[in-house]
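This is what each chain is made of:
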Amino acid sequence: MRIHKFYIALFLLPILLYSKSHAQIHVVDDTGNDMVIDRPAQRIVTLAPYLAENIFSAGAGDKLVGTVDFSDYPSVAKQVRRVGNYTRLDLEAIVSLRPDLVIAWQSGNTPAHIERLRSLGIKVYMSEPSGLKEIATEVERFGKLAGTEKEAAREAS
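A quick note: this is a predicted structure, and the numbers were derived from the prediction, not measured.

Calculation criteria
- Residues numbered from 1 in each chain as written.
- Predicted model: local features only at pLDDT ≥ 70, side-chain atom pairs only at ≥ 80, totals over all residues.
- Heavy atoms only, no water.
- Helix = DSSP H or I, 4+ residues; strand = E, 2+ residues; numbered from the N terminus.
- Buried < 20%, exposed > 50% of the residue type's maximum accessible area, 1.4 Å probe, protein only.
- Contact = heavy atoms within 4.5 Å.
- Areas by Shrake-Rupley, 256 points an atom, 1.4 Å probe, with all protein chains shown as cover.
- Expected span 1.5 Å × (residues − 1).
- Phe/Tyr/Trp six-rings, centres within 6.5 Å; stacked < 30°, edge-to-face > 60°.
- Salt bridge = Lys/Arg side-chain N within 4 Å of Asp/Glu carboxyl O.

**Let's talk about the overall build of the chain**
Counting its regular elements, the chain contains six helices and six strands. For the chain, the succession of helices and strands along the chain, N to C, is α-β-β-β-α-β-α-β-α-β-α-α. Across the 157 residues of the chain, 37% fall into the buried class. Taking the intrachain contacts of the chain between residues at least 6 apart in sequence as the baseline, contacts between residues at least 24 apart amount to 46%. Summing over all exposed atoms, the chain offers an accessible surface of approximately 9400 Å²; the carbon and sulfur share of this is 56%.

**Details of helix α5 (residues 132-146)**
In this model α5 runs 21 Å from its N-terminal to its C-terminal C-alpha over 15 residues, within 8% of the 21 Å that 1.5 Å per residue would give. Taken residue by residue, α5 has A136, E138, V139, F142, G143, L145 and A146 as its buried positions. Following α5 by one or two positions, G147 adopts a phi angle in the positive range, close to 75 degrees.

**So, the packing of aromatic side chains**
Tallying each qualifying case throughout the model produces two aromatic pairs. Centroid distance Y50 to W105: 5.9 Å. Interplanar angle 85 degrees. Geometry classified as edge-to-face. Of this pair, Y50 sits in helix α2 (residues 49-57) while W105 sits in strand β5 (residues 101-105), placing them 55 residues apart in sequence. The class of Y50 is partly exposed, set by a relative accessible area of 25%. Classification of W105 by relative accessible area gives partly exposed; the value is 24%.

**Digging into the environment of P74**
Tracing the backbone through its elements, the reader meets P74 in the loop between β4 (64-66) and α3 (91-96). Considering only alpha carbons, one finds P74 and E53, 21 residues apart in sequence, at a separation of 6.6 Å.

**Quick word on unusual backbone geometry**
The linkage connecting Y73 with the following residue, P74, adopts the cis geometry, with an omega of -5 degrees. Its identity is not glycine, yet F70 carries a phi of approximately 70 degrees, on the positive side. Assignment of secondary structure puts F70 in the loop between β4 and α3. With phi around 50 degrees, R98 is a residue other than glycine that occupies positive phi space. Within the secondary structure layout, R98 lies in the loop between α3 and β5.

**Some thoughts on the pattern of salt bridges**
Scanning the entire structure with this criterion turns up two salt bridges. Across the pair R141 and D30 runs a salt bridge, and its minimum N-O distance is 2.6 Å. Of this pair, R141 sits in helix α5 while D30 sits in the loop between β1 (25-28) and β2 (34-37); the two residues are 111 residues apart in sequence, bridging distant segments of the chain. The class for R141 is partly exposed, based on a relative accessible area of 22%. The class of D30 is partly exposed, set by a relative accessible area of 27%.

Shown next as structure tokens:
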């Protein structure tokens, strides 16, 4: 009986480890859309200056590969590749960065651009915080999406 349990455990261990390491990440964005990604985002593009700042606040600045003009805080954000401004995006530049997550501004970015990115299979999180509490919540969500939950929670508090 003891050997039988050993083999069952030996059989189940890889399955449990695989399922834990490949658990999907679920976040609801500010427009109520359920965002699901298979693993923490490693290549993020933000489409408004405040979004780049919030990504850095969430501890995921090293994953930011593209952003828009006037993204200048923190100062290291000035070194991130530009993909246009919040109303005039260079979609080819965005696609060339191979993002696994784009974070867009609901009331600032052009809906046609957002739909085009989605039609290309790019995951798009829509942001529209309306106050300080929502900004803290967004930083926590960004931390979850990027796998930097501890840093994001510390900053959000």
